[in-house]
Amino acid sequence: MVTSMRRSFNATLKCQPEMFPRVRKRGGAELLFDGVKNHHVTLPGQSDPWDMKQLLAWIRGNMLKERPELFMQGDTVRPGILVLINDADWELMGELEYQLQDQDNIVFISTLHGG
Amino acid sequence: MKCKEGTAVLIIRVNDAFCRSCFKEYFIHKFRAMLGKNRVIFPQEKVLLAVSGGTASCSMLSQVQEGLSREAPKKLRFVPGIIYIDDGGACGRSAEERQRSNALLKSIFTETGFTYFIVSLEQVFSLPTSVLVPGTSDPDPSNPSYKQAVDQYIKEKQTLTEENVASAVAQLNIEDSAYSPEHKLALERLFSSMKTLTAKEDMLQTLRSHLILHIARENGYSKVMMGDSCSRLAVKLLSNIALGRGAALASDTGFSDPRYGDVVIVRPMRDYSSKEIAFYSRMFNVPSVFISGLDTKTHDKASIQRLTESFVTNLQFDFPSTVSTIYRTSEKLHTVMPPQSQTAEPASKCLLCLCTLDTKVGRLYLICLFFHFSELYFRLPSHQDLKTLLCYSCRLTIKDMVSLRKAQNSWVQSLRVLHSSNSFWYVVDDMASQQCPAVSHVMSYKTVFFHLFL
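Here is what the cut-offs are and how they apply
- Residues numbered from 1 in each chain as written.
- Chains lettered and ligands numbered in written order.
- Predicted model: local features only at pLDDT ≥ 70, side-chain atom pairs only at ≥ 80, totals over all residues.
- Heavy atoms only, no water.
- Salt bridge = Lys/Arg side-chain N within 4 Å of Asp/Glu carboxyl O.
- Helix = DSSP H or I, 4+ residues; strand = E, 2+ residues; numbered from the N terminus.
- Core = buried A, V, L, I, M, F, W, Y, C linked by side-chain atoms within 4.5 Å.
- Buried < 20%, exposed > 50% of the residue type's maximum accessible area, 1.4 Å probe, protein only.
- Domains from an automatic or database assignment.
- Contact = heavy atoms within 4.5 Å.
- Buried area = accessible area lost by both parts, 1.4 Å probe.
- Polar contact = N/O pair within 3.5 Å; in protein donor to acceptor, adjacent residues only side chain to side chain.
- Nonpolar A, V, L, I, M, F, W, Y, C, P; charged D, E, K, R; others polar.
- Phe/Tyr/Trp six-rings, centres within 6.5 Å; stacked < 30°, edge-to-face > 60°.
- Lys NZ or Arg CZ within 6 Å of the ring centre and 35° of its normal.
- Pairing = 2+ DSSP bridges.

## Brief notes about the pattern of salt bridges
Residue and element names in this part refer to chain B.
Thinking step 1. Going through the model one piece at a time under the given rule, you end up with 22 salt bridges over all chains.
Thinking step 2. Linking Asp 87 and Arg 208 is a salt bridge whose minimum nitrogen-to-oxygen distance equals 2.8 Å. Pair noted here: Asp 87 is in the loop between strand S4 (79–86) and helix H3 (88–91) and Arg 208 is in helix H8 (residues 197–218), with a separation of 121 residues, a long-range link.

Here it is as structure tokens:
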């Protein structure tokens, strides 16, 4: 279940860092991600665990279809975009340093211009 | 963390961590406290909830539902209705998109059981001129104070049955999303005649307010609740200063806005940051509909409003007390009322935004000549000069319009709005020196926008 606001999107990513690299994508995302809200992705395996910083870079490179400046600012998300990791504020999880686990549920909510 | 039991799921401000249930309690309590503190909504009063489909207004709707369902005596006591303005025509959305979002919203509204109105913005062209006249707000001496009203209600409540309340609430729902092609074209031309996004957003806000006001008046609603959040109001405060609306800041961003007289705008969500609203919506599944607007996917410098929003949001990121500081400052703003005397005339209001005029005699006289085409000046005393029709900011918005269509009156047939503002005034100056014929017939609200500016 996702909610979204004006000029925003809300993508739920289920990340499955698997041993063998396999990238699978179902659907797209809203507005910046071709209008699809839910993404089910598999991240390629690597020696170190994936952290949020790497995930964001991966999203920018692989999933973002247009206007990257509306989603990201430098290494982190643009101010005004909330990130939930398993329905909890990412500020409680360490923000960019949080290490991803299998089946994590990541939600991006834009609060800019919500009604 | 407060309860020390549950797992923290959210951080608000700098150090306040909340678990899920504490957050819900906190959120609900804040809404009730806001209404209780301000005491402007009386028992059994009809209140219109302005819902745009976004999370803030939908959260407000869910709070009202929650409040009305509680056991007495803590139950909310007013009679709600819902209004949604479909502004797809101004934002360039297709008819299918509009129908789709209208249908989604209709299903949400039907779930609540409240009376609802789904109105398209094109209807603004069929409004009467009375919408531009503020209603009277003279207090009736027999009206009880808030406390007395509540006590009276509690006594009478014993005799009120569920059926009585239900029948009071159940009215015919209105879905007036149909619009004539003429109005649709008029709206499109109105918005395309404006050069800047700033003016478009301002005009959209004005038209929306007029429509909501009209629906509220027609159906007996004395209060309108808006879903503006703290973050949104902080942005609005700064951008209104930049737009030239400094004189009306207190009513534009305060809890209650009494400019319309008989209908009061209240903002119960003004204490919530956008983060709290987003989390609440997500965690407790508040249904909302994403509807793209005028500034969807625009860049940061597209309009004054967008620039201010980007500025405040970025500043908030580095300095988390930015929004709350702006909010606290706005709470200190009050409108200074001029000393009342028995013979004093009521303060003049701007024609479009209905706030008290902040401009003096001067060039405004020239733009007033355009309004000779409408009978709008009929509401001004004859001895008063036609100099005080628009506030500074509305004047700027109108000035942004690119062209004026030829009007039927031959006096204006040769009038053209030229690109540079200097030339604009020269042409008008020229016209001003000629004699203006009096207008004898009453023209409708539609004429103001349709004939004058399109």
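After that view of the structure, there is still more to cover.
## Considering the nonpolar core
All names here are of chain B.
Thinking step 1. Membership of the largest hydrophobic core comes to 62 residues, with the highest contact counts inside it found for Phe 23, Phe 109 and Met 225.
Thinking step 2. With eight residues, the top contributor of residues to this core is helix H1 (residues 20–38).
Thinking step 3. Shared between two domains, this core holds at least three residues of each, these being domain 1 (1–38) and domain 2 (40–134 + 171–332).
Thinking step 4. Residues contacting Phe 109, with those up to four places away along its chain left out, are Val 51, Leu 61, Ile 82, Tyr 84, Phe 114, Tyr 116 and Ile 118.
Thinking step 5. Within the second largest apolar cluster, 47 residues are counted, among which are Ile 85, Ala 90, Met 226 and Tyr 260.

## Some points on the interface of chain B and chain A
Thinking step 1. Contacts between the two partners involve 36 residues from chain B and, on the opposite side, 34 residues from chain A.
Thinking step 2. Interface area for chain B against chain A, summed over the two sides, is near 3100 Å², with a carbon-plus-sulfur share of 55%.
Thinking step 3. Applying the counting rule to chain B against chain A returns four salt bridges.
Thinking step 4. Here Asp 87 of chain A and Arg 282 of chain B are joined by a salt bridge, their closest N and O atoms 3.5 Å apart.
Thinking step 5. Inspection of the region where chain B meets chain A yields five residue pairs in polar contact (both at pLDDT 80 or more).
Thinking step 6. Among the secondary structure elements, those contributing two or more residues to the side of chain B that touches chain A are strand S1 (8–12), helix H2 (55–69), helix H11 (274–283) and helix H12 (304–318) of chain B.
Thinking step 7. Per element, the largest residue contribution to the side of chain B that touches chain A is seven residues, and it comes from H11 of chain B.
Thinking step 8. Taken together, the residues of the side of chain B that touches chain A break down into twelve nonpolar, 16 polar and eight charged.

## Section: the packing of aromatic side chains
Thinking step 1. Taken as a whole, this structure holds eleven aromatic pairs over all chains when the rule is applied.
Thinking step 2. Note on Phe 71 of chain A and Phe 108 of chain A: the rings are 5.2 Å apart at their centroids and 75 degrees apart in plane angle, and the pair reads as edge-to-face. Taken together, the residues span a long stretch of sequence, with Phe 71 of chain A in the loop between helix H1 (52–62) and strand S3 (72–73) and Phe 108 of chain A in strand S7 (residues 104–110) at a distance of 37 residues.
Thinking step 3. In this structure Phe 71 of chain A comes out as buried when scored by relative accessible area, which is 0%.
Thinking step 4. Ring centres of Tyr 280 of chain B and Phe 284 of chain B lie 5.0 Å apart, and the angle between their planes is 40 degrees; this geometry places the pair in the tilted category.
Thinking step 5. By way of ring pairs, the aromatic residues Phe 18, Phe 23, Tyr 26, Phe 27, Tyr 272, Tyr 280 and Phe 284 of chain B are connected into one cluster.
Thinking step 6. In this arrangement the basic side chain of Lys 46 of chain B is found over the ring face of Tyr 221 of chain B, its NZ or CZ atom lying 4.8 Å from the centre.

## Notes on the environment of Ser 94 of chain B
Residues and elements named next belong to chain B.
Thinking step 1. Along the chain, the position of Ser 94 falls in the loop between H3 and helix H4 (95–112).
Thinking step 2. The partly exposed category is assigned to Ser 94, whose relative accessible area is 29%.
Thinking step 3. On a C-alpha basis, the gap between Ser 94 and Ile 326 in space is 38 Å, while along the polypeptide they are 232 residues apart.

## So, the pairing of strand S5 (residues 81–85) of chain A
Two faces belong to every sheet, and in a regular strand the side chains alternate between them.
All names here are of chain A.
Thinking step 1. S5 sits mainly inside the fold: five of its five residues count as buried.
Thinking step 2. What you see with S5 is no split at all: Ile 81, Val 83 and Ile 85 on one side and Leu 82 and Leu 84 on the other are buried throughout.
Thinking step 3. Here S5 pairs with S7 via five bridges, running antiparallel. Counterpart to Ile 85 in the pairing with S7 is Ile 106.
Thinking step 4. The pairing of S5 with strand S6 (residues 88–89) spans two bridges and is classified as antiparallel. Directly across from Leu 84, in S6, lies its bridge partner Asp 89.

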